[in-house]
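# Architecture and fold: a report
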Amino acid sequence: MKIVMATNNQNKLREAREIFSPLGIEILSQKEAGVSVNPEENGTTFAENALIKARAVYELIHLPVIADDSGLCVDALNGAPGVYSARYAPEGLLCEALLENMKEIPAEQRTARFVTDVAFIDESGKETVLEGDCPGVIGFEKRGTNGFGYDPVFMYGEKSFAELEPEQKNAVSHRGAAFRKLYDYLKNYQQEET
Ligand code: IMP
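The following paragraphs examine the structure supplied in this document. Keep in mind it's a predicted model, so treat the numbers as computed, not measured.

Once that is clear, we can look at the overall build of the chain. The helix and strand inventory of the chain stands at five helices and seven strands. For the chain, the C-alpha radius of gyration of 17 Å lies close to 16 Å, the compact-globule estimate for 194 residues. Its C-alpha atoms give the chain principal-axis dimensions of about 55 × 30 × 25 Å. Out of the 194 residues belonging to the chain, those deemed buried represent 46%. For the chain, restricting intrachain contacts to residue pairs at least 6 apart in sequence, the fraction spanning at least 24 positions comes to 59%. When the accessible surface of the chain is split by element, carbon and sulfur atoms take 49% of a total near 10,000 Å². Averaging the coordinates of the 20 positive side-chain charges in the chain and doing the same for the 31 negative ones gives two points 2 Å apart.

The subject of this paragraph is the pattern of salt bridges. Applying the stated criterion across every chain, the model contains twelve salt bridges. Put simply, E100 and K103 hold a salt bridge, and the shortest N to O gap is 2.6 Å. E100 gets classed as partly exposed once you look at its relative accessible area, which sits at 47%. The partner of E163 in a salt bridge is R143, with the nearest N and O atoms 3.2 Å apart. With E163 in the loop between β7 (159-160) and α4 (166-172) and R143 in the loop between β5 (127-138) and β6 (154-156), this residue pair connects regions lying 20 residues apart in the sequence. Look at E163 and you get partly exposed, because its relative accessible area is 27%. Through salt bridges with shared partners, a single network forms among K12, E15, D68 and R175.

About the thresholds
- Residues numbered from 1 in each chain as written.
- Predicted model: local features only at pLDDT ≥ 70, side-chain atom pairs only at ≥ 80, totals over all residues.
- Heavy atoms only, no water.
- Helix = DSSP H or I, 4+ residues; strand = E, 2+ residues; numbered from the N terminus.
- Rg over C-alpha atoms; globule rule 2.2 N^0.38 Å.
- Buried < 20%, exposed > 50% of the residue type's maximum accessible area, 1.4 Å probe, protein only.
- Contact = heavy atoms within 4.5 Å.
- Areas by Shrake-Rupley, 256 points an atom, 1.4 Å probe, with all protein chains shown as cover.
- Lys, Arg positive; Asp, Glu negative; His and termini not counted.
- Charge placed at Lys NZ, Arg CZ, Asp CG, Glu CD.
- Salt bridge = Lys/Arg side-chain N within 4 Å of Asp/Glu carboxyl O.

Here it is in structure tokens:
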């Protein structure tokens, strides 16, 4: 089975290929599938945004499609930045903005979680959305140089996500969790198809 991933982000493609190749599933980027879409992500939930991205590609090619949408939800900020995670501050200043907005919040109230929703649309147009998350705590300063986005301030145990190697992060991350749920779903889906 071939699945088109509604992204050209090489990191997401690599992670999806690692997870889905044992099922004999080939993951194509939208570029490889010959489509170029960039829909407005104007949903109010991760699920809505993942579906917006998946539908935009599916409508053009009618092949199986997956799309994911992620963000950081901080309890003391009532779930912000949430679906606005990418737009919370100018690129490169996300961590600084979050640390500034949380400077009065004590250690025990700095709990947070990363969330990923992954949408799958099969060839017939049937839609499925699955969610993965990863709990952590927002630190008081940036730590580490790996990763991207909020990784330097997201503490997973003793280390920030930016201090983990990519494989260590994938093993526990929200995106990894959502992709592994999709793996289980697709495994059953393929069995039903045969
Ligand atoms: P996307 O939907 O995967 O593009 O994620 C939206 C935004 O959430 C990104 O621009 C990042 O700011 C943030 N984000 C999502 N996943 C991660 C992660 O694993 N580490 C750090 N930031 C993330």
